[in-house]
Amino acid sequence: MKVLIVGAGIAGCTLALALDKAGLESHIVEARPGVDTGGAFLALAPNGVNALRTLDLGGIPETAGGFVLSGLDFRNAKGRRIAQLDGEQDEARYGAPSILLQRARLQRELASRVSAAGIRTDFDTRVLDVVQDAAGVTATLDAGDTVRADALVGADGIFSTIRQLAWPEAQPPRYTGIIDCGGWTDVDLPETARQQMHFGREAFFGHAIRNGTAYWFSNFPRSQEPERAELDRIEGPAWMSQLRALHAADPAPIPGILAAATDSAGAWPIYDLPDPDEWSTSRICLIGDAAHAMSPSAGQGASLAIEDGVVLAQSLRDHNDPSPALERFVQARKPRAEKIVKFGRQIGERKISSAASNVVRDLGLPLFLRMGARATADQYGYSVEWDADAHTSL
Ligand SMILES: Cc1cc2nc3c(=O)[nH]c(=O)nc-3n(C[C@H](O)[C@H](O)[C@H](O)COP(=O)(O)OP(=O)(O)OC[C@H]3O[C@@H](n4cnc5c(N)ncnc54)[C@H](O)[C@@H]3O)c2cc1C
């Protein structure tokens, strides 16, 4: 069986590596001119780390410069800790810790394993059209060539072309009303074992400090959806002035981190995907953000993308026919992903509550987080048995 994968992001690369482990052939086409180096940093949750280990890729987070996070402290606008999520027992409970790492380094590590495995990746190549018939699927590329495969997987991110082609009626991604900015900068501040999450006066700020580097992000409300080009036109120093003003009245060390930072790694409007009815036809399937893009507030985007790659390869390995393989994959994955998209949306809504409602939010937050801790156990506790038969295990 030959699988055409559209998109060499975290989902696409993981799927290619998992198919290789399953002894199946794949071919990736990627619109970007080379290995993507964009983005700030992300958290790989224990379930994501365990999914990488399933593919014998458990060394990647460390090689990519990741470091262990032992939980989250939530603080109000005065800096007082109002709730915490304890991650010290993650290794004992789930078999793996949560790891924070630069997105570009994770991406590069995965891409280098794809290349080392001899899996063909055509960069600077965009899929423009897809036609499915009884015997296979044909993709038309932007240079006019076509590629034929037994199955096609859209791992092409939140604005997925494959989703639009296969399900023209599907709802577009939903702008959540939040802009995300972030980066890393050298600081002379003590290390944080846990990631610090501050509900600031006007915006939300998160940071973790390791080896003299602060990894920080700011989420601030903006009701009107911005044009991508509009954000790209704003230069680093202008972003930094805006962020310093937004967080000027917030407690230490926030203003100090922003004073030291000279630039943000970028600015991204946050979207998520209203639950799409379908992820698969008999030969086309969506994975990763293309299927279930979620707010980064969930801390699960990359981890679920990796899980998808493992589970889909396992399903294709164990069914001779793509149709039941894709169907079983969707049955196994959709309820889990939908629950986590909803969880991310609920957290995001709490980040942008108005100043007047901050008091109410702060009072309700500990209870919300206790409920969140149960959801987190469900998310972190997921693991895939590679050798199990997908007919029965999915
Ligand atoms: C530039 C960028 C920066 C990010 N930064 C962060 C971050 O800082 N923190 C965080 O938590 N998450 C970040 N994310 C999101 C996170 O990486 C994803 O949620 C998660 O890894 C799931 O990835 P994915 O592989 O499903 O999708 P993506 O990572 O979006 O990968 C999709 C790939 O498909 C390619 N593609 C799209 N359309 C086509 C087409 N028609 N033909 C061929 N190829 C196509 C894209 O170029 C892209 O490489 C970022 C994503 C991107 C793209």
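Position labels on residues start from 1 in each chain and follow its written sequence. For this predicted model, a pLDDT threshold of at least 70 governs which residues receive local features, and a threshold of 80 or more governs which side-chain atom pairs are given and counted, while totals over whole chains, interfaces and linings are taken from all residues. Based on all heavy atoms of the structure, the side-chain values leave hydrogens and waters out of the count.

**Some words on the state of the cysteines**
Piece 1. Here, two cysteine sulfur atoms that lie within 2.5 Å of each other are counted as a disulfide. Inspection of the entire model under this criterion finds zero disulfides.
Piece 2. With no disulfide of its own, Cys-285 has Cys-13 as its nearest cysteine by sulfur position, at a separation of 17 Å.

**Details of the packing of helix H11 (residues 301-318) against helix H12 (residues 322-351)**
Piece 1. Note on definitions: angles span 0 to 180 degrees between N-to-C directions of axes, and those axes are lines fitted to C-alpha atoms, for helices only across the stretch in contact. Going along the chain from the N terminus, every DSSP run of H or I of four or more residues is numbered as a helix, and every run of E of two or more is numbered as a strand. Their axes nearest at 9 Å, the elements H11 and H12 cross at an angle of 155°. Judged by the inter-axis angle, H11 sits roughly antiparallel to H12. Along this stretch, H11 crosses H12, giving a crossing that reads as right-handed. Taken together, the residues of H12 that come into contact with H11 (itself represented by Leu-304, Glu-307, Asp-308, Val-311, Leu-312, Ser-315 and Leu-316) are Pro-322, Ala-325, Leu-326, Arg-328, Phe-329, Arg-333, Arg-336, Ala-337 and Ile-340.
Piece 2. Looking at side-chain class alone, the contact of H11 with H12 contains 10 nonpolar, one polar and five charged residues. Note on terminology: angles under 35 degrees are roughly parallel, angles over 145 are roughly antiparallel, angles of 65 to 115 are roughly perpendicular, and the others are oblique. Less than a right angle of anticlockwise turn of the near helix away from the far helix marks a crossing as left-handed, whereas a clockwise turn marks it as right-handed. Contacts were defined at the residue level, with two residues in contact if any of their heavy atoms lie within 4.5 Å. All residues other than Ala, Val, Leu, Ile, Met, Phe, Trp, Tyr, Cys, Pro, Asp, Glu, Lys and Arg, Gly among them, are scored as polar; the first ten of these are nonpolar and the last four charged.

**Some words on the packing of helix H1 (residues 10-21) against helix H5 (residues 103-116)**
Piece 1. In the contact formed by H1 and H5, the axes pass within 9 Å of each other and the chain directions differ by 30°. On the basis of their axis angle, the class for H1 and H5 is roughly parallel. For the pair H1 and H5, the sense of crossing is left-handed. For the pair formed by H1 and H5, the contact residues are Ile-10, Cys-13, Thr-14 and Leu-17 on the first element and Leu-106, Gln-107, Leu-110, Ala-111, Arg-113 and Val-114 on the second.

**What about the environment of Arg-148?**
Piece 1. If you trace the backbone, Arg-148 turns up in strand E11 (residues 146-149).
Piece 2. Sequence spacing of Arg-148 and Leu-110 is 38 residues, and the spatial spacing of their C-alpha atoms is 25 Å.
Piece 3. Residues in contact with Arg-148, not counting those within four places in the same chain, are Lys-2, Asp-133, Ala-135, Gly-136, Val-137 and Thr-138.
Piece 4. Of the polar contacts made by the side chain of Arg-148, one reaches the side chain of Asp-133; its length is 2.9 Å.
Piece 5. Reaching out from Arg-148, the side chain makes a polar contact with the side chain of Thr-138 at a distance of 2.8 Å. Nitrogen and oxygen atoms within 3.5 Å of one another constitute a polar contact, given that in protein one can donate a hydrogen and the other can accept it, and given that sequence-neighbouring residues count only through two side-chain atoms.

**Let's talk about the site of the ligand**
Piece 1. Not every one of the 26 residues close to the ligand is listed here, only the nearest: Ala-11, Glu-30, Ala-40, Arg-103 and Asp-289.
Piece 2. For the ligand, an oxygen atom lies 2.6 Å from a polar atom in the side chain of Glu-30.
Piece 3. Within the side chain of Thr-161, an N or O atom sits 3.1 Å from a nitrogen atom of the ligand.
Piece 4. Looking at the shell around the ligand, the elements with two or more residues in it are H1, strand E3 (41-44) and H11.
Piece 5. Broken down by element, the residue count for the shell around the ligand peaks at three residues, all from H11.
Piece 6. The class makeup of the residues in the shell around the ligand is 12 nonpolar, eight polar and six charged. The criterion for a residue being near a molecule or strand is simple. One of its heavy atoms has to lie within 4 Å of it.

**Some points on the nonpolar core**
Piece 1. With 93 residues, the main nonpolar core has Phe-74, Leu-110, Leu-152 and Leu-312 as its most contacted residues.
Piece 2. Discounting residues that sit within four places of it in the chain, Leu-110 has contacts with Ile-10, Cys-13, Thr-14, Leu-17, Leu-52, Leu-57 and Ile-60.
Piece 3. Of all hydrophobic cores here, the second largest spans 24 residues; its members include Tyr-175, Phe-205, Phe-220 and Ile-254. The definition of a nonpolar core used throughout is a set of buried Ala, Val, Leu, Ile, Met, Phe, Trp, Tyr and Cys residues joined through side-chain atoms within 4.5 Å. The classification of residues rests on relative accessible area computed with a 1.4 Å probe and restricted to protein chains. Under 20% of the type maximum is buried, over 50% is exposed, and intermediate values are partly exposed.

**Focus: the domain arrangement of the protein**
Piece 1. The start and end points of each domain follow an automatic or database-based domain assignment. Each domain of the protein was delimited in the assignment, giving domain 1 (2-40 + 53-66 + 101-173 + 274-355) and domain 2 (174-271).
Piece 2. With centres defined by C-alpha atoms, the gap from domain 1 to domain 2 works out at 28 Å.
Piece 3. On the side of domain 2, 18 residues touch domain 1, which itself brings 16 residues to the contact.
Piece 4. Accessible-area loss on putting two parts together, using a 1.4 Å probe and summing over both, is the definition of buried area adopted here. In total, domain 1 and domain 2 occlude about 1,400 Å² of area from one another, counting both sides; carbon and sulfur atoms represent 69% of this.
Piece 5. For the pair domain 1 and domain 2, the number of links is zero residue pairs in polar contact (both at pLDDT 80 or more).
Piece 6. For the side of domain 1 that touches domain 2, the leading source of residues is H12, giving four residues.

**Describing the pattern of salt bridges**
Piece 1. By convention in these notes, a salt bridge is any Lys or Arg side-chain nitrogen within 4 Å of a carboxyl oxygen on Asp or Glu. Here the structure, examined in full by the defined rule, presents 19 salt bridges.
Piece 2. In this structure, Glu-230 and Arg-222 form a salt bridge, with 2.8 Å as the shortest nitrogen-oxygen distance.
Piece 3. By relative accessible area, Glu-230 is classed as partly exposed at 26%.

**Focus: the packing of aromatic side chains**
Piece 1. Pairing of aromatic side chains here covers Phe, Tyr and the six-membered ring of Trp, requires ring centres within 6.5 Å, and sorts the geometry by plane angle: under 30 degrees stacked, over 60 edge-to-face, intermediate tilted. A full pass over the atoms with the stated rule returns 13 aromatic pairs.
Piece 2. Seen in terms of ring centroids, Phe-41 and Tyr-215 are 5.8 Å apart; in terms of plane orientation they differ by 85°. Their pairing is edge-to-face. Of this pair, Phe-41 sits in strand E3 while Tyr-215 sits in strand E16 (residues 213-221), and the two are 174 residues apart along the sequence.
Piece 3. The buried category is assigned to Phe-41, whose relative accessible area is 14%.
Piece 4. When the ring of Phe-220 is compared with that of Trp-239, the centres are 6.2 Å apart and the planes differ by 50°; the resulting orientation is tilted. Residue Phe-220 is found in strand E16, and its partner Trp-239 is found in helix H8 (residues 236-246); the two are separated by 19 residues along the sequence.
Piece 5. A relative accessible area of 5% places Phe-220 in the buried class.
Piece 6. Through a chain of ring-to-ring contacts, three or more aromatic side chains come together here, namely Phe-41, Phe-67, Phe-74, Trp-184, Phe-199, Phe-204, Tyr-215 and Phe-217.
Piece 7. Geometrically, a lysine NZ or arginine CZ counts as sitting over a ring once it is within 6 Å of the ring centre and also within 35 degrees of the ring normal. One residue, Arg-317, lies across the ring of Trp-386, its end atom 4.9 Å from the ring centre.

**Quick word on the environment of Pro-61**
Piece 1. Position of Pro-61 among the secondary structure elements: in helix H3 (residues 60-63).
Piece 2. Judged by relative accessible area, which is 2%, Pro-61 ranks as buried.
Piece 3. Sequence separation between Pro-61 and Phe-199 is 138 residues, and the spatial gap between their C-alpha atoms is 29 Å.
Piece 4. Setting aside residues up to four positions removed in sequence, Pro-61 forms contacts with Leu-44, Leu-52, Gly-66, Ile-99 and Leu-101.

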